[in-house]
Amino acid sequence: MKIADNKAVAIHYRVTTEGGELRDASQPNEPLWYLHGHDNIVPGLESALAGQRAGDGLTATLSPDEAYGQHDPELDLKIARTHFPDDMQDQLAPGLLFGGEHPDEPDIEIVYTVVALEGEHVLVTGNHPLAGETLVFEVSIAGVRDATPEEIEHGHTHGPDGHAEH
Ligand code: ZN
């Protein structure tokens, strides 16, 4: 079965910089399941995988636009500590993730990461940690099956057998 829209696909992957520095990888024996054609994975990788079959492998070098996007300086923000709710004050530390509105488009919620604490301010970024990087994806395809109607409706897969309690 070939990878196409509305197929559930399992992949093992390894992501490095062009210099060979490891950035991300799937766990051994735990492939990532994704739903093809639903923006579950970065666009360049989805294009590269179309038409492949279980057992195939590929290496794709993807520009930031094909991977996690360009680094957007407008999403690097310096926020007064007092803007954060009381129950977050003790948790403020580099690496903390929280949801917040996009600076230009308040209707869009994005994930921010705390980068550093600087006196009475908190430096945060709404950029993906791998934004702005050209990345090498080494992928092997572990499985391809038809997605269930429920998976297509949800826009994601429900693991190896297509069943999930939600
Ligand atoms: Zn679901």
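Residues numbered from 1 in each chain as written. Predicted model: local features only at pLDDT ≥ 70, side-chain atom pairs only at ≥ 80, totals over all residues. Heavy atoms only, no water.

Peer 1: Looking at this structure, I do not really get the overall build of the protein. What am I missing?
Peer 2: Along its length, the protein carries three helices and nine strands. With 166 residues in all, the protein has 37% of them scored as buried. Total accessible area on the protein stands at roughly 9,600 Å², and carbon and sulfur atoms take up 48% of it. Of the charged side chains in the protein, 8 are positive and 31 negative, and the gap between their average positions amounts to 10 Å. (Helix = DSSP H or I, 4+ residues; strand = E, 2+ residues; numbered from the N terminus. Buried < 20%, exposed > 50% of the residue type's maximum accessible area, 1.4 Å probe, protein only. Areas by Shrake-Rupley, 256 points an atom, 1.4 Å probe, with all protein chains shown as cover. Lys, Arg positive; Asp, Glu negative; His and termini not counted. Charge placed at Lys NZ, Arg CZ, Asp CG, Glu CD.)

Peer 1: Before we go on, may I ask you to explain the coordination of the zinc ion in this structure?
Peer 2: When a metal carries six donors in an octahedron, the ideal angles between them are 90 or 180 degrees, while four donors in a tetrahedron ideally lie at 109.5 degrees. Taken together, His-154 (ND1), His-156 (NE2), His-158 (NE2) and His-166 (NE2) make up the full set of protein donors to the zinc ion, lying 2.0 to 2.1 Å away. Because the angles between the four donor atoms bound to the zinc ion fall within 101 to 122°, the donor set is best described as tetrahedral. (Donors = N, O, S within 2.8 Å, 3.2 Å for Na, K, Ca; no water. Tetrahedral: all angles 85-135°; square planar, octahedral: opposite > 155°, others 65-115°.)

Peer 1: I would appreciate a short explanation of the domain arrangement of the protein in the present structure.
Peer 2: Accessible area lost on assembly of the parts is the figure often given for the size of an interface. Domains assigned within the protein are domain 1 (7-68 + 130-154) and domain 2 (73-125). Each of domain 1 and domain 2 was reduced to a C-alpha centroid, and the two centroids are 29 Å apart. (Domains from an automatic or database assignment.)

Peer 1: Just to check I follow, could you spell out a negative patch on the surface for this structure?
Peer 2: The grouping of Glu-74, Glu-101, Asp-104, Glu-105 and Asp-107 at the surface amounts to a negative patch. Residue placement: Asp-104 occurs in the loop between strand 6 (97-101) and strand 7 (109-118). (Patch = residues over 30% accessible without salt bridge, like charges linked within 9 Å, V, L, I, M, F, W, Y side chains within 5 Å. Salt bridge = Lys/Arg side-chain N within 4 Å of Asp/Glu carboxyl O.)

Peer 1: Help me understand the nonpolar core in this model?
Peer 2: Soluble globular proteins: nonpolar side chains tend toward being buried together. Among the nonpolar cores identified, the biggest contains 20 residues, and Ile-11, Leu-45, Leu-49, Phe-137 and Val-139 are the most heavily contacted of them. Listing elements by their share of this core, those giving two or more residues are strand 1 (7-17), helix 1 (43-49), strand 4 (57-62) and strand 9 (135-146). Counting residues per element, this core draws most heavily on strand 9, which supplies five residues. Among residues more than four places away in sequence, those in contact with Phe-137 are Arg-14, Val-15, Val-42, Leu-45, Leu-58, Thr-59, Ala-60, Leu-62, Ala-67 and Tyr-68. (Core = buried A, V, L, I, M, F, W, Y, C linked by side-chain atoms within 4.5 Å. Contact = heavy atoms within 4.5 Å.)

Peer 1: What is the right way to look at the side chain of Glu-151 in this model?
Peer 2: Assignment of secondary structure puts Glu-151 in helix 3 (residues 149-154). Residue classification places Glu-151 among the buried positions, given a relative accessible area of 0%. Looking at Glu-151, its side chain comes within polar contact range of the main-chain nitrogen of His-158, at 2.7 Å. Ignoring anything within four residues of it in the chain, the contact list for Glu-151 reads Ala-8, Leu-35, Arg-145, His-156, Thr-157, His-158, Gly-159 and Gly-162. (Polar contact = N/O pair within 3.5 Å; in protein donor to acceptor, adjacent residues only side chain to side chain.)

Peer 1: Is there a simple way to think about the sheet that holds strand 6 in this case?
Peer 2: As summarised here, the arrangement of the four strands in space is 5-8-7-6, forming an open sheet in which the pairing is antiparallel. Strands with a single pairing partner mark the edges of an open sheet, and in this sheet they are strand 5 (76-80) and strand 6. Geometrically, the sheet is characterised by an average inter-axis angle of 45° between neighbouring strands, direction not taken into account. With five bridges joining them, strand 7 and strand 8 (residues 121-125) adopt antiparallel strand pairing. Directly across from Glu-118, in strand 8, lies its bridge partner His-121. (Pairing = 2+ DSSP bridges. Axes fitted to C-alpha atoms, helices over the stretch in contact; angles between N-to-C directions.)

Peer 1: Quick question: what am I supposed to make of the pairing of strand 4 here?
Peer 2: The side chains of a regular strand alternate, residue by residue, between the two faces of the sheet. Judged by which residues are buried, strand 4 turns out to be one-sided: Leu-58, Ala-60 and Leu-62 face inward and are buried, whereas Gly-57, Thr-59 and Thr-61, on the alternate face, are not. Relative to strand 9, strand 4 runs antiparallel, the two sharing six bridges. Of the residues in strand 9, the one forming a bridge with Ala-60 is Phe-137.

Peer 1: Which parts of the structure should I look at to understand the packing of aromatic side chains?
Peer 2: For any two aromatic rings, the description comes down to two numbers: the centre-to-centre distance and the angle of the planes. Under the defined criterion, the tally for this structure stands at two aromatic pairs. When the centroid spacing of 5.5 Å and the interplanar angle of 80° are considered together, the rings of Phe-84 and Phe-98 count as edge-to-face. With Phe-84 in the loop between strand 5 and helix 2 (86-89) and Phe-98 in strand 6, the pair connects residues that are 14 residues apart, well separated along the chain. Here Phe-84 falls in the buried class, since its relative accessible area comes to 7%. Relative to Tyr-112, the ring of Phe-98 lies with its centre 5.6 Å away and its plane at 20°, an arrangement referred to as stacked. With Phe-98 in strand 6 and Tyr-112 in strand 7, this residue pair connects regions lying 14 residues apart in the sequence. The buried category is assigned to Tyr-112, whose relative accessible area is 3%. The structure contains a cluster of three or more aromatic residues connected by ring pairs, namely Phe-84, Phe-98 and Tyr-112. (Phe/Tyr/Trp six-rings, centres within 6.5 Å; stacked < 30°, edge-to-face > 60°.)

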